[in-house]
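# Reading the structure
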Amino acid sequence: MVPRRALLLPLPLLLLFAQPRFAADTAARARLPETVRPLLYELLVQPNLTSLSFRGTVRVQLEVLQDTEEIVLHSKELLISRAELQLGPRGLLLLPLQVLELPALEQVALAPAGGGGPLARGGGYVLHVDFAGKLSDSFHGFYRSTYRTRDGEERVVAATHFEPTHARAAFPCFDEPAFKANFSIRVRREPRHMSLSNMPKLESVELPGGLLEDRFDVSVKMSTYLVAFIVSDFLSVSSTTQHGVKISVYAAPEKIDQTEFALKAAVKLLDFYDDYFGIPYSLPKQDLAAIPDFQSGAMENWGLTTYRESGLLFDPQKSSASDKLSITMVIAHELAHQWFGNLVTMQWWNDLWLNEGFAKFMEFVSVNITNPELEVEDYFLSKCFEAMEVDALSSSHPVSSPVEDPAEIREIFDDVSYDKGACILNMLRDFLTPEVFKRGIIRYLRRYSYQNTVNAQLWESFASVCQPGRSDEERLSGDGFCSRRKERSGTSKWYAEDGLDVHEMMDTWTLQEGFPVVTVEVRGREVRLSQERYLKNKEPSQSSKFLWHIPLTYITSRSNTVHRFLLKTRTDVLHLPEEVEWVKFNVDMRGYYIVHYEAGGWDALVSLLQHNHTALSSNDRTSLINNVFQLVSVDKVPLDRALDLSLYLSKETEIMPVTQGLSELVPLYKLMEKRDMEDVENQLKAYIVNLFRELIERQSWSDEGSVSQRMLRSYLLLFACVRGHAPCTRAAGELFRKWKESDGTVSVPSDVSLAVYSVGARSEEGWDFLLDKYRRSLYSSVKSRIKTALCTSPLGHKLQWILEQSLEGEVLKTQDLPYVLVSVSRNPKGYRRAWDFLRANWERLLNKFDLGSPAIAHMVTGVTGQFSTREMLEEVQHFFSSLRKETGAGLRCLQQALESIEENIRWMDKNLPLLKAWLDKRGPFEGPGDHGL
């Protein structure tokens, strides 16, 4: 971080701002006072890509809302050399302002020198500020990025990333989402560079001294975190949507041939959103830029979305099926933000989920329709399971969660805001019907365009669609909440005439943390229901007060029709028309809850899976696998029953049940790797390989098949090779030998290359060869797979080297360090190194990745997540307790890490004897070797 350079202040100004009124109104809180608001920023910035510094000037047209003696706005690590106030947009008088820096709040207060009287309510003023700063060496604010050409020459890029609170590090501004304004931006540059910003460039003017000044059109009204500008030597490719919007993709010159896929995807997706929302995209252009150093996956800056290179660049010969899917999804996410987040913005960061939950949800809606061949619906469930992992801890937080300072704000960029937000929206869509849901979000977007909103305004938009008395067209018909059918039966409490309130229902999902487990007990035709919070630490005081309005769905052995029942109370009863052999609740896991079946309910479902598993959909089978193992953790189902259910997986062929089965079983032996219990650990590993042996050995070493088939092949072959399954390691070893002997000219199929590289990385010679290919490759997808393979190696000194080099940022980019660190931690030869590295470099990591950031949280929870001994728990507790507030004490991720370790210890102590007895009864299994993950 750039050291703060505070200005010296005359004594009278210090006394002015030491008055109790100012301290109470501003310095005691992180939020800006609502005394003035910006209307228009006229911003000039001039970065120097040689000295790695920048300077600029900003003129801000202000409206005074309350009489005030000072203007308080944000500024972080900027040197302010001049501040003046102009009385009125055309006023000639410039009143000098003195500057008080408030570094703890990242604010400055500007007041007329000598106390020149208050700024009057209703008056118009223009603030002039000259400033300078250093291009940041982190990944936020106005920062430097670098890349190397094929010849090894280093090129510098100056780029911005302002979300959530970093615009203040690039220019003095009112850096809160509710302070929307228009922006007129000018960028000065050398002729060898080009510049981009949110709006189209109007002209370039040559200045004395040879510099050029690019002048961009005035933006629409937007929040500061969406402002963006880039200075680089990038090239571009362009196209135009059916609605007349120019789309351009920018990348480093030697990678411009990898942009065609992203360009076509962006055109198709922007046209989809234009039509789906019925609200035209607000700007004349949309640029997508691949930034060489970029911490987030991507950023939704209005009109200039920015991406990691791996999130945008695609080569048909080098990229895999998963690359195609992930690039399409991330583009869909950022373009959805052009409406959700940009056009309509949350009032404050506590409702971040209004941006991120919607964008995550719309990824799946848009890609499913525009690119059906990607089979994206297969993967939505995994998002809900990931959210539930966090939401099952007492350290979770509500979707709409109070936050104040920047570190707290950064912490809520997590699975709860993104994935849980998307999952409860998907549940609401299923509840209301897709047609009514779409109508509600369009009403929301139209009503609040260019404004800021809170939770309640979204629910009001949905509720108003279904109000009695609206037109038939608006009320719609169907089987959901807005159905006008009058008939009701004992199996349904779903319709508007039951007095349902969307606002009341959704508040139970957004204003309290956690999620429910619904217990089902079938007695003849009677189904008894109860709900409670699913919580792994089993503290009754933390779960007894929670109650949800749960839109239950179910099918039975006698009916594939989806039946519905709204559970609003702690217990209830529904009646079936006839007795059934089995009942399956939460059809296709469209609800954000898990289900426990009592009184033989699990026995019936286990039997069904073993004898006729295709009677249930792939998603239903996946949800049963997840639910039964989660219920083991809260002592509702014994482990041996969950393992009995897993036996059916030997017949499974669909990607989601297979990968979910592995996701539940693999972590069990990962816990054992941290303890001295090699016998039972190897038994379990052998069981899992044998469970999927037939499916593994049916996989071809090719790139053939559908996207899901290709992704499943990649997943299975990597698993089998890492586990040392002989047929896999032989085939992968032979492909690696041929690839190495040809010096990389003989291609390895993209979808199986990770398994091939992982086998190659076991030897010193193979590891070094892979690293050399990593250094030389211009393809981020290839580099990503090689990097993952290097982290699976059993060579401890190589794992240490890759950690150290990722932090230095020369051979491997520091943006990838969180991924590398967590990957090494999952290697049984590397988990201790990863933990020691995290502790030893903690403050350097905070400086690079920011206190409270998702990157820090990922490293903390990823590195410690598989610890399972009391010794490691004490070690982690000791380190965390040594931290100060400014170095991370109190971060939610620290609480999550400790909770997870405690749960791992409890699980192991309780279930190890059951696991060993079950494996002894089922075994012996042929034991594969053990070479990594």
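As a starting point, this report considers the structure included with it. As the structure is a computational prediction, the values presented were derived from the model and not from experiment.

### Let's talk about the packing of aromatic side chains
Scanning the model with the defined rule gives 48 aromatic pairs in all. Relative to Phe-229, the ring of Phe-142 has its centre 5.1 Å away and its plane inclined at 85°; by these criteria the two rings are edge-to-face. Here Phe-142, found in strand β8 (residues 141–148), pairs with Phe-229, found in strand β14 (residues 229–232); they are 87 residues apart in sequence, far enough to count as distant. No difference in accessibility class separates Phe-142 from Phe-229, as the two residues are buried.

### What to know about the pattern of salt bridges
Following the criterion strictly, the structure yields 66 salt bridges and no others. The shortest N-O distance in the salt bridge between Arg-59 and Glu-42 comes to 2.5 Å. With Arg-59 in strand β2 (residues 53–64) and Glu-42 in strand β1 (residues 36–48), this pair connects stretches of sequence that are 17 residues apart. On the basis of relative accessible area, Glu-42 is assigned to the partly exposed category, the value being 26%. Salt-bridge contacts for Glu-106 lead to Lys-76; the nearest nitrogen and oxygen are separated by 3.5 Å. Here Glu-106, found in the loop between β5 (94–102) and β6 (107–112), pairs with Lys-76, found in the loop between β3 (71–74) and β4 (79–87); they are 30 residues apart in sequence, far enough to count as distant. One salt-bridge network, held together by shared partners, links Arg-186, Arg-188, Glu-203, Glu-213 and Arg-215.

### Things to note about the sheet that holds strand β13 (residues 212–216)
One open sheet accounts for 10 strands, arranged β3-β6-β5-β4-β7-β2-β1-β10-β13-β12; its pairing is mixed. Either end of the sheet is taken by a strand with one partner, and the two such strands are β3 and β12 (201–206). Across the sheet, the axes of successive neighbouring strands diverge by a mean angle of 20°, strand direction being ignored. Note that β1 and strand β10 (residues 182–189) share 6 bridges and pair parallel. Each residue of the ladder has a partner; that of Leu-43, found in β10, is Ile-185.

### Focus on the packing of helix α24 (residues 796–808) against helix α26 (residues 831–840)
Contact geometry of α24 with α26 gives a least axis separation of 10 Å together with a crossing angle of 30°. Overall, the two elements α24 and α26 adopt an arrangement that is roughly parallel. The handedness of the crossing between α24 and α26 comes out as right-handed. Between α24 and α26, the residues in contact are Gly-796, His-797, Leu-799, Gln-800, Leu-803, Glu-804 and Leu-807 and Arg-833, Ala-834 and Phe-837, respectively.

### Describing the layout of surface pockets
By volume, the second largest pocket amounts to about 920 Å³. Around the second largest pocket, the lining is made up of 40 residues, and of these Ala-407, Arg-410, Leu-851, Lys-885 and Glu-886 lie nearest the centre. Listing elements by their share of the lining of the second largest pocket, those giving two or more residues are α7 (406–411) and α27 (842–849). Among the elements that line the lining of the second largest pocket, the one with the most residues is α7, at 6 residues. Residues of the lining of the second largest pocket, tallied by class, amount to 17 nonpolar, 7 polar and 16 charged.

Cut-offs used in this document
Residues numbered from 1 in each chain as written. Predicted model: local features only at pLDDT ≥ 70, side-chain atom pairs only at ≥ 80, totals over all residues. Heavy atoms only, no water. Phe/Tyr/Trp six-rings, centres within 6.5 Å; stacked < 30°, edge-to-face > 60°. Helix = DSSP H or I, 4+ residues; strand = E, 2+ residues; numbered from the N terminus. Buried < 20%, exposed > 50% of the residue type's maximum accessible area, 1.4 Å probe, protein only. Salt bridge = Lys/Arg side-chain N within 4 Å of Asp/Glu carboxyl O. Pairing = 2+ DSSP bridges. Axes fitted to C-alpha atoms, helices over the stretch in contact; angles between N-to-C directions. Parallel < 35°, antiparallel > 145°, perpendicular 65-115°, else oblique. Left-handed = near helix turned anticlockwise from the far one by under 90°. Contact = heavy atoms within 4.5 Å. 1 Å grid on protein atoms, 1.4 Å probe; cavity = no way out; pocket = protein on both sides within 12 Å on 5 of 7 lines; lining within 4 Å. Points joined across faces, edges and corners; volume = space filled by probe spheres on them. Nonpolar A, V, L, I, M, F, W, Y, C, P; charged D, E, K, R; others polar.

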